[in-house]
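Overview (structure and organization)
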Amino acid sequence: MKKVIQLHQTTPEELVNVILLGVKGEIETLKKEFRPKEPEEYLTRSEVSKMLKIDLSTVHHWTKRGKLKPYGLGRRVYYKRSEIEQALIDLSPIH
């Protein structure tokens, strides 16, 4: 069964205006909520250690244990900033 919409006592101009108002409202909503995708930022081991305020050996151990996921290009090792931030766990307050 098809959905039928009937318009009574509506001029084509009024219909166009109502549609335009609805579309403009949706566009404004999208503008407010739009977040452009930012390019992924890659960090070196020393940048990760400075960011987390830990020793380079800790970065190495966390990588070996799988807590941090390394990415390589040649002999260089990088880490995704987003994954480093996700690796941080939320600590609940101690009562």
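So, here's what we can say about the structure. Per chain, the residues get numbers from 1 upward, laid out in the order the sequence is written. The predicted nature of this model means local features are confined to residues of pLDDT at least 70 and side-chain atom pairs, given and counted, to a pLDDT of 80 or more, with totals for whole chains, interfaces and linings taken over all residues. To get the side-chain values, all heavy atoms of the structure are used, and hydrogens and water are removed first.

Notes on the pairing of strand β3 (residues 76-80)
- A pair of strands is considered paired only if DSSP assigns at least 2 bridges between the two. Think of it this way: any DSSP run of H or I at least four residues long counts as a helix, any run of E at least two long counts as a strand, and we number them from the N terminus. As defined by bridge partners, strand β1 (residues 42-44) adjoins β3 across 3 bridges and the pair is classed as antiparallel. Note on β3: the bridge partner recorded for L43 is Y79.
- The pairing of strand β2 (residues 71-73) with β3 spans 3 bridges and is classified as antiparallel. Of the residues in β3, the one forming a bridge with Y71 is Y78.
- Between β2 and β3, which pair antiparallel in sequence order, lie 2 residues; one of them, G74, sits at a positive phi of approximately 70°.

As for the packing of aromatic side chains
- Two aromatic rings from Phe, Tyr or Trp, using only the six-membered ring of Trp, form a pair when their centres are within 6.5 Å; if the ring planes differ by under 30 degrees the pair is stacked, by over 60 it is edge-to-face, and anything between is tilted. Inspection of every chain in the model, using the stated rule, returns 1 aromatic pair.
- Centroid distance Y42 to Y71: 6.1 Å. Interplanar angle 80°. Geometry classified as edge-to-face. Note that Y42 is positioned in strand β1 and Y71 in strand β2, a separation of 29 residues in sequence.

Keep in mind these numbers describe shape, not what the thing actually does.
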